[in-house]
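Descriptive structure summary
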2 protein chains.
Amino acid sequence: MAFVLHPQLERDTFAVGDLPLSRVRLMDDANFPWLIAVPRRAGAVEIFDLDAREQAQLMRELALLARSLKDRTGCDKINIAAIGNMVPQLHVHLVARRRDDAAWPRPVWGALPARPYGDNERDRLIAALRQRILA
Amino acid sequence: MAFVLHPQLERDTFAVGDLPLSRVRLMDDANFPWLIAVPRRAGAVEIFDLDAREQAQLMRELALLARSLKDRTGCDKINIAAIGNMVPQLHVHLVARRRDDAAWPRPVWGALPARPYGDNERDRLIAALRQRILA
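All of the points below concern the structure found in this document. (Residues numbered from 1 in each chain as written. Chains lettered and ligands numbered in written order. Predicted model: local features only at pLDDT ≥ 70, side-chain atom pairs only at ≥ 80, totals over all residues. Heavy atoms only, no water.)

Some remarks on the packing of helix α2 (residues 52-73) of chain A against helix α2 (residues 52-73) of chain B
We count it as follows: Only the stretch in contact is used when fitting a helix axis, every axis being a line fitted to C-alpha atoms; angles between N-to-C directions are given from 0 to 180 degrees. Only DSSP runs of H or I with at least four residues qualify as helices, and only runs of E with at least two residues qualify as strands; both kinds are numbered from the N terminus onward. Roughly parallel here means an angle under 35 degrees, roughly antiparallel means over 145, roughly perpendicular means 65 to 115, and every remaining angle is called oblique. Left-handed describes a crossing in which the near helix is turned anticlockwise from the far one by less than a right angle; the clockwise case is right-handed. Pairs of residues are marked as contacts when any of their non-hydrogen atoms sit within 4.5 Å. Residue type decides the class: Asp, Glu, Lys and Arg count as charged, Ala, Val, Leu, Ile, Met, Phe, Trp, Tyr, Cys and Pro as nonpolar, and the leftover types, Gly among them, as polar.
Axis separation between α2 of chain A and α2 of chain B bottoms out at 9 Å; the angle between their running directions is 120°. In this view, α2 of chain A runs oblique relative to α2 of chain B, as classed from their interaxial angle. Here α2 of chain A and α2 of chain B pass one another in a crossing that is right-handed. Taking contact as the criterion, the partners of Q55, A56, L58, M59 and A63 of chain A in α2 of chain A are, on α2 of chain B, Q55, A56, L58, M59 and A63 of chain B. Split into classes, the residues belonging to the contact of α2 of chain A with α2 of chain B amount to 8 nonpolar, 2 polar and no charged.

A look at the packing of aromatic side chains
Residue and element names in this part refer to chain A. Going by this rule: Two aromatic rings from Phe, Tyr or Trp, using only the six-membered ring of Trp, form a pair when their centres are within 6.5 Å; if the ring planes differ by under 30 degrees the pair is stacked, by over 60 it is edge-to-face, and anything between is tilted. The cut-offs for exposure are 20% and 50% of the maximum accessible area for each residue type, with area from a 1.4 Å probe on protein chains only; residues under the lower value are buried, those over the upper are exposed, and the others partly exposed. Note on criteria: charge over ring means Lys NZ or Arg CZ within 6 Å of the ring centre, with the direction from the centre no more than 35 degrees off the ring normal.
Under the counting rule described, the total for this entry stands at 2 aromatic pairs over all chains. When the centroid spacing of 6.2 Å and the interplanar angle of 65° are considered together, the rings of F32 and W34 count as edge-to-face. Take F32 and W34: they sit in the same class, and that class is buried. Across the ring face of F14, the terminal group of R122 is positioned such that the distance to the ring centre comes to 4.3 Å.

Structure representation (structure tokens):
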């Protein structure tokens, strides 16, 4: 069974690039710099659906993405979560949080309506993240 | 600098046991079977504050805890998150979610007031989880 990005994730995000395991996407919400990492394993729902090697690779990729977000944004905290109550395909959120952002200190899920990016702001952020992540 | 569990985490939880890296605690909230894994590394705030070996170990422990929670509770989904906006000490939530729980499909953080366990219910759950996790 081939991996296909869940249509809801496709709709809500823009392409950033592929790491060895995960497809990386930017959530279209200018409230928070917010990435999603989706392991390209068809049918995976929980982290224990990945084998041990894939789990280790996912952790390496999450650490890289978290550090890249932090370095790029100078944020106060990275929030990382695999929730999946609405979209079952295994995907991990990485959100750059600031003490002065609109939802702090609450988690971002369901906190605010998404605020779509302008094209320029989005393209600049994606380019900067690609440089750090895919180098 | 020695590791000391953050006093807020201490207050909100009960001891389950220590894995090679993480201290495991049960959140005192009978709304959801809810574990917290706290890597015993003083000063760690983000996952990239752990070195590569510790990151890999943390992932192994999270997968074990997630599967143990799922096996014990028969839940529909495991939610896993490192947020840390309120308590900076690195800690990872693992929450067993059911489609009929009181917060579904919302994330649990801030969704409901905690509902403290009765002693028997708590002790039974801790004993069952210890058997799976520390065996």
